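# Tertiary structure, described
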4 protein chains.
Amino acid sequence: MLYGHGANILESAHHIDAEAGHFFQRIRFDLRELHTDRVGLEAGVREVAERFAMRWQLRLASEPKRVAIFVSKFDHCLWDLLLRHRAGEMPCEMALVVSNHPDLEPVARQFGVPYHVFPITAETKRAQEAGELALLAEQRIDLVVMARYMQVLSNEFVGRMPGRIINIHHSFLPAFMGGKPYHQAHARGVKLIGATAHYATTDLDEGPIIEQDVMRVFHRDSVDDLVRKGRDVEKTVLARAVRWHLEDRILVYGNRTVVFE
Amino acid sequence: MLYGHGANILESAHHIDAEAGHFFQRIRFDLRELHTDRVGLEAGVREVAERFAMRWQLRLASEPKRVAIFVSKFDHCLWDLLLRHRAGEMPCEMALVVSNHPDLEPVARQFGVPYHVFPITAETKRAQEAGELALLAEQRIDLVVMARYMQVLSNEFVGRMPGRIINIHHSFLPAFMGGKPYHQAHARGVKLIGATAHYATTDLDEGPIIEQDVMRVFHRDSVDDLVRKGRDVEKTVLARAVRWHLEDRILVYGNRTVVFE
Amino acid sequence: MLYGHGANILESAHHIDAEAGHFFQRIRFDLRELHTDRVGLEAGVREVAERFAMRWQLRLASEPKRVAIFVSKFDHCLWDLLLRHRAGEMPCEMALVVSNHPDLEPVARQFGVPYHVFPITAETKRAQEAGELALLAEQRIDLVVMARYMQVLSNEFVGRMPGRIINIHHSFLPAFMGGKPYHQAHARGVKLIGATAHYATTDLDEGPIIEQDVMRVFHRDSVDDLVRKGRDVEKTVLARAVRWHLEDRILVYGNRTVVFE
Amino acid sequence: MLYGHGANILESAHHIDAEAGHFFQRIRFDLRELHTDRVGLEAGVREVAERFAMRWQLRLASEPKRVAIFVSKFDHCLWDLLLRHRAGEMPCEMALVVSNHPDLEPVARQFGVPYHVFPITAETKRAQEAGELALLAEQRIDLVVMARYMQVLSNEFVGRMPGRIINIHHSFLPAFMGGKPYHQAHARGVKLIGATAHYATTDLDEGPIIEQDVMRVFHRDSVDDLVRKGRDVEKTVLARAVRWHLEDRILVYGNRTVVFE
């Protein structure tokens, strides 16, 4: 079908989960010699998809996703994402940064990214989240990246952006869920620390895992050493996950991800 | 003190846990030019240790530890340990293999290691463990290695050999404690699987961790693939832990280990 | 075409090297509901392949490759391959072991694999290789695995089995080509050692690389430590390469490999 | 001796290279309860060192090293070092940045670090290096970090700062010495790329290696992908090497390093 429309396939990846009875496919193709328009192409894809009862999406690289980064006070993931974007590693528009603190505004500003502060207390949380959601809608945000954002999003918030919020948790999930995972890891005496990028769901730290990695630690490493070493893992794991999402390399089913890296 | 007795220091490693208020040291030295006997040397070490209220052990490489490997039906860790021993990687005497099944007797036999079967049911467990402990005592066993032994040792058994039983758990602890960790890992959709070697304590899978490692898995990996890939991690993690124990490189305090690798 | 014959596709992987102008594809499918015979299927594949000027191969899992392992005196890769085969990890027939020394005959024997000794000196090399080639032909060997075989195969030998000889070199190629790579690595003071599995070509250590891996070493590691640590990397790298070859996951073009792992 | 002066030992590490006949030791201690002054302490250390014919250095954490970063146009290592410094990971004074291009001045400026441009051509090289050396002397620079600086330093320059220039080479040395290592790696079809931090010597890419690491690449990775992936390895390897140097954890002898990490 694609061949018939003049599309030149650049990448193609399949996965078959025989047990679950699912077939997954990602095709990246070049439009330059297409001899139909987008409407015709979509109609062709839809026709094939419907024949095999498949869900499908067609995305244009010329319409990059719009990203909002959520941060609190830790800045390493924010710097990392903005620098990678500037280096051309992140095919997206960095539309805005949202924070519950004003501290990191100078970082966003020097990359020319608008910074919005929504201070949050137990009393204001509901109203502030409503404000955030309004901003995301107004700015047509496609993806929220929680780059060490220290607030738990409400179920309402998460439910509004299913499969479109990526969080970095600073442990090798499902080990050390919840708060202070480096303290937990140090107390348990593990020999590796890790980080996990996952889609946010209403079950905290239980969403579909996108990427994980680890780093070796030693008996001589204090909690502070774990925090320092962990920053490097957090940054790279989050960046890989975001990049794959931006390139539409991730398919989610149930609590699992297919990653066509 | 060592210098005064003519000992030639080959290796020396320290660790200070300021928070816990502990000082750890391991010294390996050459005895060949010692101009006192072992009794004199021990007296010297004891005198220094008592002055600083330290616990100490003096071990001779000429008196290697005697090891008992416990197995059930999985053979990969057993083969690995016996082949490493033959290759000179394991400074110990492989004294005997204990199993609750007769299946792996041919493996032990070809390395000339006696194989003892103690079939275990809920009813016979207490009596069989008593038999095992008698055998271990009679054979002057210094270390029990649970090389994918599928029985849970009773608290009485573990209490009889504190710090002298090493277990391999086929997950990255504390993730996926308990049974069928590869099934758990597959269901959770993790991107890395791991293995953990630890000292057995009365709290199952909660003992001091000696070593851990991980291996990357993908969405296309089935549970069987995880089991296959995991065998390689289990083998190498267990072998490193056992080797370090045999060379007296591990010091345990609380639920933590210092590993002077 | 496959769908038309009733084949059920289980795995499919593509790669496009736009620069070299090549398209690569591997499809694994289930034959059970095929409603043509093998001849018809091959005719179908050939017709499609010729239309697009593609080279192709059709292989049946029911006809596993026949493997000859070449060894000298180091036994770790031999044990590893034979144990993995017994564990069901290696879809092949372990047809025979060839060596220039009699030492490892007991290893082969206990797995029921015939062991052939071809002692080699400068004078006898040509004749002995002829004998080996005759044996390989007689035994219909599909793949030669050089499992730390310490003889350099002649160009004639290599030329007779293009793309069907896998060698393990105990360094991270192209670093430390040639002899005694662990000594070279120690002298250079590297912080990682490696191993490389590659197809043998007439340029020694220059063939297409299939797989590589590394392990961390420290200033305190002697050459003997490097040799010991390296054994683990050699084994796993060679096993992965052989397994991928047996499952027809490797496509070679020029000096490069596509590995559909 | 240290104990006698009231020093409280915090860390102590030894290494014995029996073959080379060298003993290495690094001791970190707390001065707060010292009951002699620095002169007295140095005299004590000197007396012990001379008795055993040892070379020694005594450094105060209160007198951090002064660092000059040399860059050209690639900015990832520069950003990484400056951000780590700001995060408190780098115990030094970031004294200045030197470049043969004006491009990265805005990066240095926003961290408040002076930026000096020395444009270099074949004709001006000698004079410009003399200018750089004068600047380094005037600014009492202890360490030069070549953070992807694309000029080859002359032997005269290197000879003036022995063991005080750290370079990052974007390959796993000794593989792919010289220019365009990612192109070389891609052409050779390796399965891992690496980076190497080493002290600069008059033999380019031949100096003592401090740290190395690797990252997996696949047949589908282009040279551009290698460049992108490589940046992450370069940054982390260089940062570890610089940090260890700043904490005086590296001892060099011959072409080897002891790293008391």
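In the block above lies the structure referred to throughout.
My aim in this report is to walk through the structure given alongside it, one point at a time. (Residues numbered from 1 in each chain as written. Chains lettered and ligands numbered in written order. Predicted model: local features only at pLDDT ≥ 70, side-chain atom pairs only at ≥ 80, totals over all residues. Heavy atoms only, no water.)

## A closer look at the overall build of chain A
When its secondary structure is counted, chain A shows eight helices and eleven strands. The globule rule puts the C-alpha radius of gyration for 261 residues at 18 Å, and the 20 Å found for chain A is close to it. Here chain A, with 261 residues, has 54% of them falling under the buried criterion. Long-range pairs, those at least 24 residues apart, make up 60% of the contacts in chain A between residues at least 6 apart in sequence. Considering chain A, the positive charge centre built from 33 side chains and the negative charge centre built from 35 side chains are found 3 Å apart. (Helix = DSSP H or I, 4+ residues; strand = E, 2+ residues; numbered from the N terminus. Rg over C-alpha atoms; globule rule 2.2 N^0.38 Å. Buried < 20%, exposed > 50% of the residue type's maximum accessible area, 1.4 Å probe, protein only. Contact = heavy atoms within 4.5 Å. Lys, Arg positive; Asp, Glu negative; His and termini not counted. Charge placed at Lys NZ, Arg CZ, Asp CG, Glu CD.)

## Looking at the environment of Arg86(A)
Residues and elements named next belong to chain A. With respect to the element layout, arginine 86 can be found in helix H3 (residues 76-86). Using a relative accessible area of 46% as the deciding quantity, one classes arginine 86 as partly exposed. For the pair formed by arginine 86 and phenylalanine 111, sequence separation is 25 residues and the distance between their alpha carbons is 8.3 Å.

## Observations regarding the interface of chain A and chain B
Contacts between the two partners involve 34 residues from chain A and, on the opposite side, 34 residues from chain B. Both sides of the chain A and chain B interface together cover about 2,900 Å² of buried area, and 52% of this is carbon and sulfur. Remark: the boundary between chain A and chain B carries five salt bridges. Between Arg216(B) and Asp213(A) there is a salt bridge, and its shortest N-O distance comes to 3.8 Å. Here chain A and chain B share 18 residue pairs in polar contact (both at pLDDT 80 or more) between them. If you list the elements that add at least two residues to the side of chain A that touches chain B, you get helix H7 (181-188), strand S9 (209-216) and strand S11 (256-259) of chain A. (Buried area = accessible area lost by both parts, 1.4 Å probe. Salt bridge = Lys/Arg side-chain N within 4 Å of Asp/Glu carboxyl O. Polar contact = N/O pair within 3.5 Å; in protein donor to acceptor, adjacent residues only side chain to side chain.)

## Observations concerning the relation of the copies chain D and chain B
Laying chain D over chain B is done by rotating through 180° and shifting 0.0 Å along the axis; what remains is an RMSD of 0.0 Å. Between the two chains, the operation in question is that of a two-fold axis. Within chain D, Ala13(D) has its C-alpha nearest the rotation axis, a separation of 3.0 Å. The residues that chain D uses at the interface reappear at the interface of chain B in 100% of cases, marking a shared surface. (Least-squares fit on C-alpha atoms with pLDDT ≥ 70 in both.)

## Structural notes on the interface of chain D and chain B
Often, the extent of an interface is quoted as the loss of accessible area on bringing the components together. With six residues of chain D in contact, the opposing surface of chain B contributes six residues. Interface area lost by chain D to chain B is led by Ser12(D), His14(D) and Ile16(D), which between them contribute 65%. For the pair chain D and chain B, the number of links is zero salt bridges. The interface formed by chain D and chain B includes two residue pairs in polar contact (both at pLDDT 80 or more). For the side of chain D that touches chain B, the class distribution of residues is three nonpolar, two polar and one charged. (Nonpolar A, V, L, I, M, F, W, Y, C, P; charged D, E, K, R; others polar.)

## Looking at the sheet that holds strand S6 (residues 143-146) of chain A
All names here are of chain A. Taken in spatial order, the seven strands line up as S5-S4-S3-S6-S7-S8-S9 in an open sheet, and their pairing is mixed. Among the strands making up the open sheet, the edge pair consists of strand S5 (115-117) and S9. When strand polarity is set aside, the average angle formed by the axes of neighbouring strands in this sheet is 20°. As judged from the four bridges shared by strand S7 (residues 165-169) and strand S8 (residues 192-199), these two strands associate in the antiparallel manner. Counterpart to isoleucine 168 in the pairing with S8 is alanine 197. (Pairing = 2+ DSSP bridges. Axes fitted to C-alpha atoms, helices over the stretch in contact; angles between N-to-C directions.)

## A few points about H3(A)
All names here are of chain A. Counting buried positions over the eleven residues of H3 gives nine, a clear majority of the element. His76, Cys77, Leu78, Trp79, Asp80, Leu81, Leu82, Leu83 and Arg84 are the residues of H3 that are buried. Glycine 88 lies just past H3 and shows a positive phi near 85°.

## Some points on the relation of the copies chain A and chain B
In the superposition of chain A on chain B (RMSD 0.0 Å, axial shift 0.0 Å), the rotation amounts to 180°. A shared binding surface is used by both copies, with 100% of the interface residues of chain A retained as interface residues in chain B.

## A look at empty space enclosed by the protein
Throughout the structure, instances matching the rule amount to twelve cavities of 30 Å³ or more. In this model, the largest cavity occupies a volume close to 100 Å³. Around the largest cavity, the lining residues are Ile210(C), Glu211(C), Trp244(C), Val259(C), Glu261(C), Lys191(D), Arg216(D), Val217(D), Phe218(D), His219(D) and Arg220(D). Considering only residue class, the lining of the largest cavity consists of five nonpolar, one polar and five charged. (1 Å grid on protein atoms, 1.4 Å probe; cavity = no way out; pocket = protein on both sides within 12 Å on 5 of 7 lines; lining within 4 Å. Points joined across faces, edges and corners; volume = space filled by probe spheres on them.)

## Here's the deal with the sheet that holds strand S6 (residues 143-146) of chain D
Residue and element names in this part refer to chain D. Strand order in the open sheet made by the seven strands is S5-S4-S3-S6-S7-S8-S9, with mixed pairing throughout. Only two strands of the sheet have a single partner each, and these edge strands are strand S5 (115-117) and strand S9 (209-216). Neighbouring strand axes in the sheet, compared pairwise and without regard to direction, differ in orientation by 20° on average. The sheet contact formed by strand S3 (residues 65-71) and S6 spans four bridges and is parallel. Pairing of isoleucine 69 across the sheet is with valine 145, part of S6.

## A short note on the pairing of strand S3 (residues 65-71) of chain A
All names here are of chain A. Where burial is concerned, most of S3 is hidden: seven out of the seven residues are buried. The two faces of S3 match: Lys65, Val67, Ile69 and Val71 on one face and Arg66, Ala68 and Phe70 on the other face are all buried. By the bridge criterion, seven bridges tie S3 to strand S4 (residues 92-99) in an arrangement that is parallel. Across the sheet, the residue bridging to valine 71 is serine 99, located in S4. Each parallel crossover has a hand, and the one from S3 via H3 to S4 is right-handed. (Right-handed = clockwise from strand over helix to strand, strands pointing away.)

## Structural notes on the environment of Met215(C)
Residue and element names in this part refer to chain C. Position of methionine 215 among the secondary structure elements: in strand S9 (residues 209-216). Taking the C-alpha atoms as reference points, methionine 215 and alanine 187, 28 residues apart in sequence, are found 17 Å from one another. Excluding its chain neighbours within four sequence positions, the residues that come into contact with methionine 215 are Lys191, Leu192, Ile193, Lys229, Asp232 and Val233.

## Observations regarding the packing of helix H7 (residues 181-188) of chain D against helix H8 (residues 223-246) of chain D
All names here are of chain D. Their axes nearest at 10 Å, the elements H7 and H8 cross at an angle of 120°. As far as their axial angle goes, H8 and H7 are oblique. Regarding H7 and H8, the two cross each other, and that crossing is right-handed. Contact residues: H7 offers Tyr182, His183, Ala185 and His186, while H8 offers Val223, Leu226, Val227, Gly230, Arg231 and Glu234. When grouped by side-chain class, the residues that make up the contact of H7 with H8 number five nonpolar, three polar and two charged. (Parallel < 35°, antiparallel > 145°, perpendicular 65-115°, else oblique. Left-handed = near helix turned anticlockwise from the far one by under 90°.)

## Quick look at the pattern of salt bridges
Opposite charge on two side chains permits them to pair, given that their charged atoms come into close proximity. Tallying each qualifying case throughout the model produces 101 salt bridges over all chains. A salt bridge links Glu89(C) to Arg231(B), with the nearest nitrogen and oxygen atoms 2.8 Å apart. Of this pair, Glu89(C) sits in the loop between helix H3 (76-86) and strand S4 (92-99) while Arg231(B) is found in helix H8 (residues 223-246), placing the two residues in two different chains. One salt bridge connects Arg38(C) with Glu42(C), and the closest N-O pair in it is separated by 3.3 Å. Taken together, the residues span about one helical turn, with Arg38(C) and Glu42(C) both in helix H2 (residues 38-51) at a distance of four residues. Arg38(C) gets classed as partly exposed once you look at its relative accessible area, which sits at 33%. Put simply, Glu11(A), Arg26(A), Arg28(A), Arg243(A), Glu247(A) and Arg249(A) are held in one network by salt bridges that share partners.

## Details of unusual backbone geometry
Residues and elements named next belong to chain A. Put simply, leucine 173 and proline 174 share a cis peptide bond, and its omega is 10°. On the secondary structure map, proline 174 appears in the loop between S7 and H7. Not every positive phi belongs to a glycine, and arginine 148 is a case in point at roughly 65°. Tracing the backbone through its elements, the reader meets arginine 148 in the loop between S6 and helix H6 (155-160). Relative accessible area serves as the criterion here: at 7%, arginine 148 is assigned to the buried category. A positive phi angle is found at lysine 180, which is not glycine, with a value near 50°. Relative to the helices and strands, lysine 180 resides in the loop between S7 and H7. Looking at lysine 180, the relative accessible area reads 59%, which means it is exposed.

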